[in-house]
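Structural description and commentary
The lines below spell out each chain.
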Amino acid sequence: MKVAFCTQDMQHVDAHFGWAKNIVVYEVDRAGYTMVETCQFGGSMFEDGNEDKLIPKLDALADCAIVYLSAIGASAAARVVAKKIHPVKVEATDTITALLDRLVETINGNPPPWLRKALNAGQPQELAFDEED
């Protein structure tokens, strides 16, 4: 599954979703994680009420299951959730690698239902039926 991180310094999740200069995307599975891409944003990111600034960010998250951020407005959160992306608010002191390590540990332990669903998205479903005589 793909996981995104809103960051200003490329090391920490230190950015409000609407104001993030960068979104770093990783591929995460039970074995670990790999950086896939970095999306950079400029322009009028800091205008409150400018909903157009969200469009390129939402496009960048198109195939992500989770986005980590330090804050998100109600309108942006609704748009993220509508795209079936789970926003996770964390402290700006959290490093991206520490969060990735914790996520892999959770995946290999007992992930919550929403995370299991995100992990299995796009995977073929195995249905178990009892045999009837």
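Please refer to the structure higher up on the page.
Right, let's walk through the structure included here.

Quick notes on the rules
- Residues numbered from 1 in each chain as written.
- Predicted model: local features only at pLDDT ≥ 70, side-chain atom pairs only at ≥ 80, totals over all residues.
- Heavy atoms only, no water.
- Salt bridge = Lys/Arg side-chain N within 4 Å of Asp/Glu carboxyl O.
- Helix = DSSP H or I, 4+ residues; strand = E, 2+ residues; numbered from the N terminus.
- Buried < 20%, exposed > 50% of the residue type's maximum accessible area, 1.4 Å probe, protein only.
- Pairing = 2+ DSSP bridges.
- 1 Å grid on protein atoms, 1.4 Å probe; cavity = no way out; pocket = protein on both sides within 12 Å on 5 of 7 lines; lining within 4 Å.
- Points joined across faces, edges and corners; volume = space filled by probe spheres on them.

Digging into the pattern of salt bridges
Under the definition given, this model contains two salt bridges. Of the charged contacts in the structure, one is a salt bridge between aspartate 63 and lysine 2, with a shortest N-O distance of 2.9 Å. Of this pair, aspartate 63 sits in the loop between helix H1 (54-60) and strand S4 (64-69) while lysine 2 sits in strand S1 (residues 2-7), and the two are 61 residues apart along the sequence. A relative accessible area of 46% means that aspartate 63 is categorised as partly exposed. For lysine 2, a relative accessible area of 18% corresponds to the buried category. Between aspartate 94 and arginine 102 there is a salt bridge, with its nearest N and O atoms 3.9 Å apart. With a relative accessible area of 45%, arginine 102 lands in the partly exposed category.

Details of the pairing of strand S2 (residues 22-29)
S2 sits mainly inside the fold: six of its eight residues count as buried. Here S1 runs beside S2; their pairing, made up of six bridges, is antiparallel. Directly across from alanine 4, in S2, lies its bridge partner valine 25. In the sheet, S2 pairs with strand S3 (residues 32-40) via eight bridges, with the strands oriented antiparallel. Note that in S3 the partner of tyrosine 26 across the bridge is methionine 35.

Considering the layout of surface pockets
The calculated volume of the largest pocket comes to roughly 390 Å³. Lining the largest pocket are 15 residues, with Ala65, Lys84, Ile85, Ala118 and Ala121 sitting closest to its centre. Listing elements by their share of the lining of the largest pocket, those giving two or more residues are S4 and helix H4 (113-120). Here the lining of the largest pocket gets three residues from one element, more than from any other, and that element is H4.

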